[in-house]
Amino acid sequence: MAFEPAKLGRSRYDLAELLRDERKRAGKTQTWLARRCNMSQTKVSNIESGRLMPTPLDVELMLEALEVSGAVSAEILVLARRANTEWQDHWSSRRRGLDKKQNELAGLEEISREFRFFLLSMITGLLATPDYVRASLADVSGDQSKTIAKKLERQQVLYDPTKSFTFILTEQAARWPLLPPAAMSVQLDRLVSVTRIPQVRLGVIPLNGHVPERPLSTFTVYDRRLATVETGTGALLLRDHRDVSAYLAEFENYERHAVFGDECRELLSEWSAAFTRQRQ
């Protein structure tokens, strides 16, 4: 599938129409198809109307039940992957208002239970001090006070006992000097305090070891249904189970190289002290 950002996430209704047409061409009812695919009739109806985004696995089951194959099947599966991949560019987010993006993230955090963050180059907003949040938005024009407030408000989700968080930071992400030394020391102390939240597991990958993996991007996996991958100009939202599984596997690889608990806190404290020495 060629990468065409303008088409990503915009094929749901095309997909719905094709699936509906194939069912009718096969002379089958929604009830029949639902039974063959172990779905409810309501789910099939919502997929065919475009109200519900089917996963690529859902689509594969429907095509198999309807005995659709060849070029038609290939075309529909391409649409399914496109519909499950969304591109959110930074410019569009900024035009809409970054505070609205924060509301979307808060909604996603509300419905998710298990979070995995791989942080390659910066500290994420859920772990950031107010100074760090402000610095991360320094290149955005206009008043960002609402966005900053919402970012900090979202941090309360870390204290929800029904959720679990695993953060893996590279040493570069933890030590990148986005702030002056004194403020960076405070930021690293903040990371130390977060490691003591019961539902949070925070680890770092120090640069003095051997890590044969080749990280390319910061990414987050929500439960086992969505992966978001950040780039310099936007973010990809991936819902295909194959994509999500690939990022879960990548995360597990990095997890094996990270240090947690007391060893992690010791490293963070050393790095904080190094920033403290710089300001003296």
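These figures come from a predicted structure and were not determined experimentally.

Cut-offs applied
- Residues numbered from 1 in each chain as written.
- Predicted model: local features only at pLDDT ≥ 70, side-chain atom pairs only at ≥ 80, totals over all residues.
- Heavy atoms only, no water.
- Axes fitted to C-alpha atoms, helices over the stretch in contact; angles between N-to-C directions.
- Helix = DSSP H or I, 4+ residues; strand = E, 2+ residues; numbered from the N terminus.
- Parallel < 35°, antiparallel > 145°, perpendicular 65-115°, else oblique.
- Left-handed = near helix turned anticlockwise from the far one by under 90°.
- Contact = heavy atoms within 4.5 Å.
- Nonpolar A, V, L, I, M, F, W, Y, C, P; charged D, E, K, R; others polar.
- Phe/Tyr/Trp six-rings, centres within 6.5 Å; stacked < 30°, edge-to-face > 60°.
- Buried < 20%, exposed > 50% of the residue type's maximum accessible area, 1.4 Å probe, protein only.
- Lys NZ or Arg CZ within 6 Å of the ring centre and 35° of its normal.
- Expected span 1.5 Å × (residues − 1).
- Pairing = 2+ DSSP bridges.

Q: Is there a simple way to explain the packing of helix H11 (residues 181-194) against helix H13 (residues 261-278) in this structure?
A: Two quantities define a packed helix pair, namely the angle between the axes and the distance from one axis to the other. Their axes nearest at 8 Å, the elements H11 and H13 cross at an angle of 165°. In terms of orientation, H11 and H13 fall into the roughly antiparallel class. Once H11 is placed against H13, the crossing between them reads as left-handed. Where H11 abuts H13, its residues Pro181, Met184, Ser185, Leu188, Asp189, Leu191 and Val192 lie against Arg265, Leu268, Ser269, Trp271, Ser272, Phe275, Thr276 and Gln278. In terms of residue class, the contact of H11 with H13 is built from eight nonpolar, five polar and two charged.

Q: Hey, could you run me through the packing of aromatic side chains in this one?
A: Think of a pair of aromatic rings as described by two things: how far the centres are apart, and how the planes are tilted against each other in angle. Scanning all chains against the criterion turns up nine aromatic pairs. Note on phenylalanine 118 and tyrosine 254: the rings are 4.2 Å apart at their centroids and 20° apart in plane angle, and the pair reads as stacked. Of this pair, phenylalanine 118 sits in strand S2 (residues 114-119) while tyrosine 254 is found in helix H12 (residues 241-257), placing the two residues 136 residues apart along the sequence. Taking the relative accessible area as the measure of exposure, phenylalanine 118 reaches 1% and is therefore buried. Note on phenylalanine 165 and phenylalanine 167: the rings are 6.1 Å apart at their centroids and 5° apart in plane angle, and the pair reads as stacked. Through successive ring pairs, a cluster of aromatic residues spans Phe115, Phe117, Phe165, Phe167 and Tyr222. Here the guanidinium or amino end of lysine 28 rests over the ring plane of tryptophan 32, the centre of that ring lying 4.6 Å away. Here the guanidinium or amino end of arginine 201 rests over the ring plane of phenylalanine 260, the centre of that ring lying 3.8 Å away.

Q: Can you walk me through H11 in this structure?
A: Residue pairs three or four apart in sequence face the same way in an α-helix, which turns once every 3.6 residues. A rise of 1.5 Å per residue sets the reference length of H11, with its 14 residues, at 20 Å; its end C-alpha atoms lie 20 Å apart and thus fit the reference within 8%. Every buried residue belonging to H11 is among Ala183, Met184, Ser185, Gln187, Leu188, Arg190, Leu191, Val192 and Val194, and all of these are buried. In the core, the buried residues of H11 are packed alongside helix H8 (130-136), strand S3 (164-170), helix H10 (171-175), strand S4 (200-205) and H13.

Q: In this structure, what is going on with the sheet that holds strand S5 (residues 219-222)? I would like to understand it.
A: Strand-to-strand pairing in sheets goes through backbone hydrogen bonds, with the strands running parallel or antiparallel. Taking strand neighbours across the sheet as the criterion, the seven strands line up as S1-S7-S6-S5-S2-S3-S4 in an open arrangement whose pairing is mixed. At either end of the open sheet lies a strand with only one pairing partner, and these are strand S1 (85-89) and S4. Averaged over all pairs of adjacent strands, the angle between their axes in this sheet comes to 10°, without regard to strand direction. Of the pairings in the sheet, the one linking S3 to S4 comprises six bridges and is parallel in character. Residue pairing in the sheet places phenylalanine 167 in a bridge with leucine 202 of S4. Against the sheet, H12 contacts S2, S3, S4, S5, strand S6 (226-230) and strand S7 (234-238), and its axis sits at roughly 115° relative to S5.

Q: Would you mind going over unusual backbone geometry with me for this structure?
A: For residues other than glycine, phi is negative in most cases, and the peptide bonds are mostly trans. Here asparagine 38, not a glycine, exhibits a phi torsion of approximately 60°, which is positive. Here asparagine 38 shows up in the loop between helix H2 (30-36) and helix H3 (41-49). Accessibility expressed as a relative area gives 74% for asparagine 38, which makes it exposed. The residue glutamate 67 is not glycine, and still its phi comes out positive at about 60°. Position of glutamate 67 among the secondary structure elements: in the loop between helix H4 (56-65) and helix H5 (70-83).

Just geometry here; none of it tells us what the structure is for.
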